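Okay, here's what each chain looks like letter by letter:
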Amino acid sequence: MEGERQMLLERIIFNLVAFSLFVIMFFKIIRKNDTTYLIILTMQALGIAVGFLEIIFYVEINTAIRVLTYIISIVIPLIVIYLEKKGINFSEIITITLARCALLFDDQKNAKKLLINLVTKYPRSYLGHKLLAEIYEKEGGLRKAMDEYVKVVDIDKKDYNSYYKISYLLNELGKKDEAVSMLESLLKKKPEYIEATMLLGDIYCEKEMYKETISIYMESLRYNQDNYELYYNMGIVYTMLNDFKNAKTCYQKAATINSMLYKSYYNIGQISLIFNDLDEAEKYFTSSLQDEELEAMAYFYLAQIALIKGE
């Protein structure tokens, strides 16, 4: 008898707490005009219904089912309320999860629809704008992607990856001066950002601003000492400046870091030919033969060296 009273008291308390949380979630739907919360509300209603049936009919339900009712009627709503007090939008989390699931099944149309609804309802949704930007970029909608990345940066000024994306898209759209301005600004804030350095270097080279390119590469080397691509690109720029000594040093450094960077061996071979160092040129051209793309030209230069040597 005592056990039955305790069970009844427990279920009454459960229903009171669960119903209170149900009311809170109900008013969230009205206040936010967001039907996403209906998922929780429906689960809560099921849990409360089970509790009422247990009280009315004096039925002792299975322990597993009871635990489940506590989870869906009390635990999950409390988690949602706690997250939102911390500034985390539950609706945003659910929508982003559903959109990512749609993308897993290559359903970009529904993913975009979900995200557009999300950012329309919550214009400050960082995750919504960012995922939408990634989808637009993948589809080739560069202008739409850039607009979304701009909104992302507006929400989080320290999202340097999105800042870089805007620069990259500006360059792709032919707005090189704007891209340069953004990249220079980005590198002032985050000088170690190697991708930004590489892109800015490429644009500078297109504009034949070789000394400026060397300057930003040298600055980046302070933070990226073991980046072989940085040394290789520096070698190319020094070559354009006819500074073959520094170019050779950079190519050698790149090859030291990455022994499979056969283009460096090939370029050193060409520089050695310029200085008429046939033995060194032969050595480096031979090393570059392992790259199929370089093989034909490497053999061509080796043949030339053989002719000069009278072999």
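Residues numbered from 1 in each chain as written. Predicted model: local features only at pLDDT ≥ 70, side-chain atom pairs only at ≥ 80, totals over all residues. Heavy atoms only, no water.

Engineer: Account for the pattern of salt bridges, naming residues and giving values.
Structural biologist: Within the structure shown, the criterion is met by 13 salt bridges. Two residues, Asp 159 and Lys 130, come together in a salt bridge whose shortest N-O distance is 3.1 Å. With Asp 159 in the loop between α7 (142-155) and α8 (160-172) and Lys 130 in helix α6 (residues 126-139), this residue pair connects regions lying 29 residues apart in the sequence. On the accessibility criterion, Asp 159 (6% relative accessible area) is buried. Lys 248 is the salt-bridge partner of Glu 280, the closest N and O atoms lying 2.6 Å from each other. Of this pair, Glu 280 sits in helix α15 (residues 278-287) while Lys 248 sits in helix α13 (residues 244-257), and the two are 32 residues apart along the sequence. One salt-bridge network, held together by shared partners, links Arg 124, Asp 154 and Lys 157. (Salt bridge = Lys/Arg side-chain N within 4 Å of Asp/Glu carboxyl O. Helix = DSSP H or I, 4+ residues; strand = E, 2+ residues; numbered from the N terminus. Buried < 20%, exposed > 50% of the residue type's maximum accessible area, 1.4 Å probe, protein only.)

Engineer: Describe in detail the packing of α8 against helix α9 (residues 176-189), supporting the description with residues and values.
Structural biologist: Each pair of packed helices can be summarised by the angle the axes make with each other and by the distance between the axes. Two numbers describe how α8 lies on α9: the axes approach to 7 Å, and their chain directions differ by 160 degrees. In terms of axis orientation, α8 runs roughly antiparallel to α9. Judged by the twist between their axes, the crossing of α8 over α9 is left-handed. Residue-level contacts link Tyr 160, Tyr 163, Tyr 164, Ile 166, Ser 167, Leu 170 and Asn 171 of α8 to Lys 176, Glu 178, Ala 179, Met 182, Leu 183, Ser 185, Leu 186 and Lys 189 of α9. Counted by class, the contact of α8 with α9 contains nine nonpolar, three polar and three charged residues. (Axes fitted to C-alpha atoms, helices over the stretch in contact; angles between N-to-C directions. Parallel < 35°, antiparallel > 145°, perpendicular 65-115°, else oblique. Left-handed = near helix turned anticlockwise from the far one by under 90°. Contact = heavy atoms within 4.5 Å. Nonpolar A, V, L, I, M, F, W, Y, C, P; charged D, E, K, R; others polar.)

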